[in-house]
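Here is how the chains run, residue by residue.
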Amino acid sequence: MQNKFSNAERAEILTQALPYIKKYNGKVVVVKYGGNAMIDEQLKQQVMEDIVLLWLIGVKIVLVHGGGPEINSYMEKLGKKPEFVNGLRVTDEETMDIVQMVLAGKVNKTLVNLIEKYGGKAIGLSGMDGRLIQAIPMNEELGYVGDIRHIHIKPINDLLEKGYIPVVSTLATDVKGNTYNINGDTAAAHIAGALSAQRLILMTDIAGLLRDKDDPDSLIREVTVSEAKNLLKDGSISGGMIPKIDCCIDAIDKGVRHVVIMNGTVPHSILLELLTNEGAGTMVTGDKK
């Protein structure tokens, strides 16, 4: 097969990435990884390779992951039907056991293993470890679904300082030791805020925020917090995008510089976002002062 690019063209591409490598070297970037981007094994491996590449050029990556499809699969094997209210999983005691087993066990350790396979250094954590994520019950209807009250960020900072990639599953505890299931985007926003991250990347299965949800070409490349709130008020943002935009606004309010919603099923989308001028998806920024 003939090479698509000449050596000179490849060198030019790498040179163009240099300003972005400088920009993010030593900076914290939180990546929320989940959903359809986790289902395809080839894509999963590619995402982990990209994570390792960013780590190797000096980006302090924190990987926060969900695992909804895997949880659903295990529940169905055990004869339980997944239930959702407003996009949140109804989590009784038995379901909580399954969530903990899948997220803190299978999914977390699989991602750690892949990162290590591609030359990175990773350690898996759950929000239960070191009381990293502390929560209270959200409401009785949802059962063991938590509302975050505090992030004890020291375990993550300790790992970053020692050169590891923290891989965090979205579980939490309360002061009594009860365990809670936490929405992945919400957990990532709180963690990114506690770290004052340079960027939070929310990987989803759509291109980003669309002016017309049925038109992929209507992508909004950049939006401020005030503009996003106006789009929420006038109904331009609807359905499953509402909680994602709320998480973006929350993260900016907590001190994150920029938040990006992008299609994680596009190959190398993280690299396109961080190391090119065009970026990928929709960037949410604070209001210009």
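Residues numbered from 1 in each chain as written. Predicted model: local features only at pLDDT ≥ 70, side-chain atom pairs only at ≥ 80, totals over all residues. Heavy atoms only, no water.

Some words on the overall build of the chain
Across its full length, the chain carries 9 helices and 14 strands. Radius of gyration (C-alpha) of the chain: 19 Å, near the 19 Å computed for a compact globule of 289 residues. Projecting the C-alpha coordinates of the chain onto the three principal axes gives extents of approximately 60 × 45 × 40 Å. Taking all 289 residues of the chain together, the buried fraction comes to 48%. Long-range contacts, defined as pairs at least 24 residues apart, comprise 71% of the intrachain contacts of the chain with a sequence gap of at least 6. Just so you have it, the chain exposes about 14,300 Å², and 50% of that area is on carbon and sulfur atoms. Put simply, the chain has 32 plus and 36 minus side-chain charges, and the middle of one group is 6 Å from the middle of the other. (Helix = DSSP H or I, 4+ residues; strand = E, 2+ residues; numbered from the N terminus. Rg over C-alpha atoms; globule rule 2.2 N^0.38 Å. Buried < 20%, exposed > 50% of the residue type's maximum accessible area, 1.4 Å probe, protein only. Contact = heavy atoms within 4.5 Å. Areas by Shrake-Rupley, 256 points an atom, 1.4 Å probe, with all protein chains shown as cover. Lys, Arg positive; Asp, Glu negative; His and termini not counted. Charge placed at Lys NZ, Arg CZ, Asp CG, Glu CD.)

Considerations on the environment of Asp 287
Along the chain, Asp 287 turns up in the segment after β14 (282–285). The spacing of Asp 287 and Gly 235 is 52 residues in sequence and 21 Å in space, taken between C-alpha atoms. A distance of 3.4 Å separates polar atoms of two side chains, one belonging to Asp 287 and the other to Thr 224. (Polar contact = N/O pair within 3.5 Å; in protein donor to acceptor, adjacent residues only side chain to side chain.)

A look at the sheet that holds strand β1 (residues 28–33)
Ordered in space as β5-β8-β2-β1-β11-β13-β14-β12, the 8 strands form an open sheet in which the pairing is mixed. Strands at the two margins of the open sheet, each flanked by one partner only, are β5 (122–126) and β12 (222–224). Ignoring which end each strand starts from, the neighbouring axes of this sheet average 20 degrees apart. Where β5 meets strand β8 (residues 165–169), 5 bridges bridge the pair, whose relative direction is parallel. (Pairing = 2+ DSSP bridges. Axes fitted to C-alpha atoms, helices over the stretch in contact; angles between N-to-C directions.)

What about the side chain of Asn 181?
Looking at where Asn 181 falls in the secondary structure, it is placed in strand β10 (residues 179–181). For Asn 181, a relative accessible area of 10% puts it in the buried group. Reaching out from Asn 181, the side chain makes a polar contact with the side chain of Thr 91 at a distance of 3.5 Å. Apart from the residues lying within four places of it in its own chain, the contact partners of Asn 181 are Arg 89, Thr 91, Met 96, Val 99, Leu 103, Tyr 144, Val 145, Gly 146 and Thr 170.

Remarks on the pattern of salt bridges
Side chains carrying opposite charge are able to pair once their charged atoms draw close together. In total, this model carries 10 salt bridges according to the counting rule given. Asp 92 is the salt-bridge partner of Lys 80, the closest N and O atoms lying 3.1 Å from each other. Of the two residues, Lys 80 is situated in the loop between α3 (68–77) and β3 (84–85) and Asp 92 in the loop between β4 (88–89) and α4 (93–117); the sequence distance between them amounts to 12 residues. Here Asp 158 ties to Lys 154 by a salt bridge, and the two come within 2.9 Å at their closest N and O atoms. Placement of both Asp 158 and Lys 154 in helix α5 (residues 154–161) is noted, with a separation of 4 residues, approximately one turn of the helix. Residue class for Asp 158 comes out partly exposed when judged on its relative accessible area of 27%. Each of Lys 32, Asp 185 and Lys 244 takes part in one network of salt bridges that share partners. (Salt bridge = Lys/Arg side-chain N within 4 Å of Asp/Glu carboxyl O.)

Quick word on the packing of aromatic side chains
Under the defined criterion, the tally for this structure stands at 1 aromatic pair. Note on Tyr 144 and Tyr 180: the rings are 6.0 Å apart at their centroids and 40 degrees apart in plane angle, and the pair reads as tilted. Separated by 36 residues along the polypeptide, Tyr 144 in the loop between β6 (133–137) and β7 (146–151) and Tyr 180 in strand β10 bring together distant segments of the chain. Tyr 180 sits in the buried class, given a relative accessible area of 4%. When the ring centre of Tyr 74 is taken as reference, the NZ or CZ atom of Lys 77 above it lies at 4.8 Å. (Phe/Tyr/Trp six-rings, centres within 6.5 Å; stacked < 30°, edge-to-face > 60°. Lys NZ or Arg CZ within 6 Å of the ring centre and 35° of its normal.)

Details of helix α2 (residues 41–56)
The end-to-end C-alpha distance of α2 is 23 Å, a good match for the 22 Å that 16 residues give at a rise of 1.5 Å each. Leu 43, Lys 44, Gln 46, Val 47, Met 48, Asp 50, Ile 51, Val 52, Leu 54 and Trp 55 are the residues of α2 that are buried. Here α2 starts with a cap whose side-chain oxygen sits 2.9 Å from the backbone nitrogen of Gln 42, and that cap is Asp 40. Positive phi shows up at Gly 58, right after α2, with a value of about 100 degrees. (Expected span 1.5 Å × (residues − 1).)

What about α4?
In this model α4 runs 35 Å from its N-terminal to its C-terminal C-alpha over 25 residues, within 8% of the 36 Å that 1.5 Å per residue would give. Helix geometry: α4 is bent most strongly at Asn 108, by close to 30 degrees. Residues Thr 95, Met 96, Ile 98, Val 99, Val 102, Leu 103, Val 107, Asn 108, Leu 111, Val 112, Leu 114 and Ile 115 constitute the buried set of α4. A side-chain oxygen of the first residue of α4 lies 3.3 Å from the backbone nitrogen of Glu 94; this N-cap is Asp 92. (Bend = angle between axes of the 7 residues up to and from the residue.)

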